[in-house]
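Close look at the chain arrangement
The lines below spell out each chain.
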Amino acid sequence: MKKLLTTVAAAAVCTLGALVPAAAEGEKYVLVSHAPDSDSWWNTIKNGLALAGEQMDVEVEYRNPPTGDLADMARIIEQAAASAPNGIITTLADYDVLSGPIQAAIDSGVDVIIMNSGSPDQARELGALMYVGQPEYDAGYAAGLRAKGDGIGSFLCVNHYISNPASTERCQGFADGLGVELGNQMIDSGQDPSEIKNKVQAYLSANPETDAILTLGPTSADPTLLALEEDGLSGEIYFGTFDLGEDIVKGIKSGAIKWGIDQQPFLQAYLPVVVMTNYHRFGVLPGNNINSGPGFVTADGLEMVEKFAGEYR
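Residues numbered from 1 in each chain as written. Predicted model: local features only at pLDDT ≥ 70, side-chain atom pairs only at ≥ 80, totals over all residues. Heavy atoms only, no water.

Looking at the side chain of Thr241
How we decide: Secondary structure elements follow DSSP: runs of H or I no shorter than four residues count as helices, runs of E no shorter than two count as strands, and numbering proceeds from the N terminus. Residue burial is assigned from relative accessible area. The probe radius is 1.4 Å, only protein chains are included, and a residue is buried under 20% of its type maximum, exposed over 50%, and partly exposed in between. Under this definition, polar contacts are N or O atom pairs within 3.5 Å; protein pairs additionally need one hydrogen-donor-capable and one acceptor-capable atom, and for neighbouring residues in sequence, both atoms have to be side-chain atoms. Should any heavy atoms of two residues lie within 4.5 Å, those residues are considered in contact.
On the secondary structure map, Thr241 appears in strand E9 (residues 238–242). Accessibility expressed as a relative area gives 0% for Thr241, which makes it buried. Among the polar contacts listed, one links the side chain of Thr241 to the side chain of Thr215, at a separation of 2.6 Å. Setting aside anything within four residues of it in sequence, one finds Thr241 in contact with Leu214, Thr215, Leu216, Gly217, Ala221, Ile248, Ile257, Trp259, Gly260 and Ile261.

This is the structure:
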């Protein structure tokens, strides 16, 4: 009987092994983002990509235009497609600039998932498998409704990436949620920390009646925190931000920032690799797009977010 059970167990292991296919040789997925090298928020994207590659036993590569130039990004997508990967995961920061090379990649037989920026409708129009991300206007609108409920009527939107239409959608959505005109309440802050701080201070000095500040990520939030601290306004002015980062989490914890909008960038990189790998191995695909956000992070329940901010959150 003991010998029989051993034989059956060995046979079961062999059968199970036969049912689970090994990774196909040379499986490769390329993630192309619009982010410049200076934007640390994308480190979480890189971590999600690396972990998915490790867990799915596939090769992954992260590529981006060093300065954030979208024409350069378009060329990177073309180069990625020419290398014939199993799939491309890409942001769609500007439809007019990037839809051409993305469409060409799809037409050449490369599967594509749109992540982070763009929209489900744009992904469908191009023939991408799906969209994984946060609809930016909707997130801004939700934030505006929240701020309106808190009594906010005017604001400053610190746009550090004004060439990216998705950034403006965040500001516009916030204004529409409040029920006010965006107008000159959005400034082009640039990405230099000292310049951002000075522009925020100048705006608030010229517009002291401003009720709130909205920043679009660590690049603009971190210098804004310094600006408010220098002017004695930290914790005194309503401050909300998109995205998370180490200093943003500290600001939420201290009360300087009311809330952060978490679009869960880890999932935006991790899930597309898992989805496409399973699609190529088993032919299975989710029946809809995946909204990774928005979720509002406040001082309540910060423990897990604080622990992994800038790494997985």
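Once the structure has been displayed, the description carries forward.
Concerning a nonpolar patch on the surface
Quick note on the threshold: The patch calculation keeps residues exceeding 30% relative accessible area without a salt bridge and links them within 9 Å when they carry like charges or within 5 Å when they are nonpolar (Val, Leu, Ile, Met, Phe, Trp, Tyr). For the area figures, the Shrake-Rupley method with a 1.4 Å probe applies, and any residue is considered shielded solely by the protein chains shown. Salt bridges, as used here, are contacts in which a Lys or Arg side-chain nitrogen is within 4 Å of a carboxyl oxygen on Asp or Glu.
On the surface, a nonpolar cluster with roughly 260 Å² of combined accessible area is contributed by Tyr137, Tyr141 and Leu145. Tracing the backbone shows Leu145 in helix H6 (residues 136–149).

Section: the state of the cysteines
Here is the idea: a disulfide is a covalent bond, and it sits between the sulfur atoms of two cysteines. This is how the line gets drawn: Pairs of cysteine sulfur atoms within 2.5 Å are identified as disulfides in what follows.
The full count for this structure, using the stated rule, is 1 disulfide. Disulfide pairing is shown between Cys157 and Cys171; the S-S distance is 2.0 Å. Its S-S torsion of approximately -55° makes the covalent link between Cys157 and Cys171 left-handed. Highlighted residues: Cys157 in strand E6 (residues 155–159) and Cys171 in helix H7 (residues 165–178), separated in sequence by 14 residues.

Side note on the packing of helix H3 (residues 70–82) against helix H4 (residues 95–107)
Selection criterion: Orientation is described by lines fitted to C-alpha atoms, with helices fitted over the stretch in contact, and by angles between N-to-C directions that extend from 0 to 180 degrees. Should an angle fall under 35 degrees it is taken as roughly parallel, and over 145 as roughly antiparallel, whereas 65 to 115 is taken as roughly perpendicular and any remaining angle as oblique. Residue polarity follows a fixed list, in which Ala, Val, Leu, Ile, Met, Phe, Trp, Tyr, Cys and Pro are nonpolar, Asp, Glu, Lys and Arg are charged, and the others, Gly among them, are polar.
As a packed pair, H3 and H4 sit with axes 9 Å apart at the nearest point and diverge in direction by 0°. Regarding the angle of H3 to H4, the classification is roughly parallel. Within the contact between the two elements, H3 uses Leu70, Ala71, Met73, Ala74, Ile77, Glu78 and Ala81 and H4 uses Val97, Leu98, Pro101, Ile102 and Ala105. When grouped by side-chain class, the residues that make up the contact of H3 with H4 number 11 nonpolar, no polar and 1 charged.

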